[in-house]
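Spelled out from the first residue to the last, the chains are:
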Amino acid sequence: MSPLTNDSILNVSQATSPNPACQGQFGALHYIIAAFIIIFGLTANGFICVAFAIKRKLRTVTNYFVVNLAVADFLLIFCWIVWMILYFICADLKVPIATMLEVLFATASVVGLAMVSFDRYYAVTRALHYNSTMTHSRALISIICIWVYAGATSLLYLGLLYTDVQAKQLTYVKYYVLMLLVINFLLPFCVAMFCYVSIFSIALSHLRHSAPAGQPTDPNSNAAIILRQLKITFNIVILAAPFLLIWNFYYGIQVYESFNDWEMVTSSVLGEFFVSNLPQLVATINPLVFICLTKDLRRFARSGCQCLVIRRRGHDRVTLTETYPNSTQYTSGYPSNGDFASTKV
């Protein structure tokens with residue numbers, strides 16, 4: 001389970017909320033979901049980071065924010081794997097640092113999505129000045145600010161440790177989760193939606209005033225630059241908007257449960273498992289969608305697969321040569337150079 005949804009964050013007895021894994025209530029579907037998150041989540045996010053580091057063409061300002069998002073998602077899933085290992089071996093889950101890390105990485109992920117949205121908004125509305133204003137150094141400064149903000153919100157959880165009264169702990173967690181919903185998820189969602197609505201209106205205006213079909217346009221004109229930025233923005237909209245909505249849905253459930261004495265919204269073990277691990281599912285699907293939508297990443301993945309195939313074939317060829325040496329040395333009547341005309345009968 002996610003550490004934020006488990007009542008162990010309150011340091012109360014787990015007798016009221018038994019561990020389904022320890023009771024043998026987890027079926028094959030639970031393990032399929034967990035395997036999907038572990039395999040595809042780590043692989044896809046790691047692939048984006050490696051591609052950004054190797055392929056210089058991918059080192060654009062927008063991709064700085066995308067890689068930051070991939071790093072946050074990778075760490076979120078890695079932290080979740082450690083948590084799940086402890087959960088499945090029925091270990092003591094009263095570890096406040098687990099909740100703090102989840103809040104840290106989740107906040108960095110969501111605010112990173114909002115930052116990508118703002119970057120696209122600025123690229124479309126200030127197309128001619130974007131490259132001179134949004135430099136790589138400013139992108140790095142923005143990323144540092146994202147992590148500082150995420151760290152500050154996660155450290156607020158330490159206020160829970162200053163009281164030993166269970167009633168006060170419950171009250172603190174209620175308003176802490178509510179605060180997370182408002183400033184870490186609703187606010188970034190509103191910023192992203194404002195950016196996308198503005199971009200959508202600019203796209204409509206561009207379509208109304210665009211040149212007739214077949215008429216050549218200057219590739220360096222303002223309209224051509226905006227069109228290129230709109231194409232990039234389309235991919236980001238598909239990437240960010242649905243997942244920001246899912247994040248708000250997830251934390252809305254947390255607020256509802258916290259104000260209803262942590263009564264689960266679903267009584268099904270599978271349903272509760274699915275809802276509590278929505279952040280990890282989002283962190284897994286996010287990079288997969290971005291890879292499918294980005295042509296350069298698809299080419300990099302294809303070239304990587306081709307290199308692996310070629311290397312494998314080369315390895316097989318070397319193995320075959322070592323197993324079956326040059327057969328001409330065992331042939332008495334044929335020269336090794338293939339000159340059959342000079343062969344003596």
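It should be emphasised that the depicted structure is a prediction, and the values quoted were computed from it without experimental measurement.

Basis of the calculations
- Residues numbered from 1 in each chain as written.
- Predicted model: local features only at pLDDT ≥ 70, side-chain atom pairs only at ≥ 80, totals over all residues.
- Heavy atoms only, no water.
- UniProt positions renumbered as here; feature names shortened; annotations may be inferred.
- Helix = DSSP H or I, 4+ residues; strand = E, 2+ residues; numbered from the N terminus.
- Core = buried A, V, L, I, M, F, W, Y, C linked by side-chain atoms within 4.5 Å.
- Buried < 20%, exposed > 50% of the residue type's maximum accessible area, 1.4 Å probe, protein only.
- Contact = heavy atoms within 4.5 Å.
- Salt bridge = Lys/Arg side-chain N within 4 Å of Asp/Glu carboxyl O.
- Axes fitted to C-alpha atoms, helices over the stretch in contact; angles between N-to-C directions.
- Parallel < 35°, antiparallel > 145°, perpendicular 65-115°, else oblique.
- Nonpolar A, V, L, I, M, F, W, Y, C, P; charged D, E, K, R; others polar.
- pLDDT = per-residue confidence, 0-100.
- Patch = residues over 30% accessible without salt bridge, like charges linked within 9 Å, V, L, I, M, F, W, Y side chains within 5 Å.
- Areas by Shrake-Rupley, 256 points an atom, 1.4 Å probe, with all protein chains shown as cover.
- Lys, Arg positive; Asp, Glu negative; His and termini not counted.
- Charge placed at Lys NZ, Arg CZ, Asp CG, Glu CD.
- Left-handed = near helix turned anticlockwise from the far one by under 90°.
- Expected span 1.5 Å × (residues − 1).

Under the local residue numbering, the UniProt record ascribes the feature "transmembrane region" (unreviewed entry) to residues 28-54, 66-89, 95-118, 139-163, 175-199, 232-253 and 273-293. Secondary structure content for residues 175-199 is 100% helix and 0% strand, while the C-alpha to C-alpha distance between its ends is 35 Å. The span residues 273-293 is 95% helix and 0% strand, and its two end C-alpha atoms sit 29 Å from each other.

The next subject is the nonpolar core. Counting 72 residues, the largest nonpolar core has Ile48, Phe65, Tyr196, Trp247, Tyr251 and Leu297 as its most contacted members. Secondary structure elements with two or more residues in this core: helix H1 (28-54), helix H2 (61-88), helix H3 (96-125), helix H5 (136-155), helix H6 (166-208), helix H7 (222-258), helix H9 (278-293) and helix H10 (295-323). If near-sequence neighbours (up to four positions away) are discounted, Phe65 is found in contact with Met115, Val116, Asp119, Met134, Ala139, Ser142 and Ile143.

Tallying each qualifying case throughout the model produces two salt bridges. The salt bridge partner of Lys57 is Asp296, with a shortest N-O separation of 3.6 Å. Remark: Asp296 occurs in helix H10 and Lys57 occurs in the loop between H1 and H2; sequence separation between them is 239 residues. We classify Asp296 as buried; its relative accessible area is 17%. Asp119 is the salt-bridge partner of Arg120, the closest N and O atoms lying 3.4 Å from each other. The exposure class assigned to Arg120 is buried, which follows from its relative accessible area of 2%.

A separate point is the packing of H1 against helix H8 (residues 269-276). For the pair H1 and H8, the least separation of the axes is 10 Å and the interaxial angle reads 10°. Overall, the two elements H1 and H8 adopt an arrangement that is roughly parallel. Touching Leu29, His30 and Ile33 of H1 are Val269, Leu270 and Phe273, all from H8. Looking at side-chain class alone, the contact of H1 with H8 contains five nonpolar, one polar and no charged residues.

Here the protein shows a mean pLDDT of 75. Residues at 70 or above account for 68%. Averaged over each element, pLDDT in the protein is lowest for H10 (71) and highest for H5 (92). Predicted confidence is poor over residues 6-17, with pLDDT under 50, and the contacts of this stretch with residues over four places away or in other chains come to 29 contacts.

Turning our attention to a positive patch on the surface. Where like charges cluster on the molecular surface, the positive patch consists of Lys295, Arg298, Arg299 and Arg302. By the secondary structure assignment, Arg299 is in helix H10. The class for Arg299 is partly exposed, based on a relative accessible area of 43%.

On to the packing of H1 against H9. Two elements in contact, H1 and H9, have axes whose closest approach is 8 Å; the angle formed by their N-to-C orientations is 45°. The angle between H1 and H9 places the two elements in the oblique class. Two packed elements cross with a definite hand, and for H1 against H9 that hand is left-handed. Here Ile33, Phe36, Ile37, Phe40, Gly41, Ala44, Asn45, Phe47 and Ile48 of H1 lie close against H9, whose contacting residues are Gln280, Leu281, Ala283, Thr284, Ile285, Pro287, Leu288, Phe290 and Ile291.

So, on to H2. The terminal C-alpha atoms of H2 lie 41 Å apart, and with 28 residues this matches the ideal 40 Å at 1.5 Å per residue to within 8%. A large share of H2 lies buried, amounting to 20 of its 28 residues.

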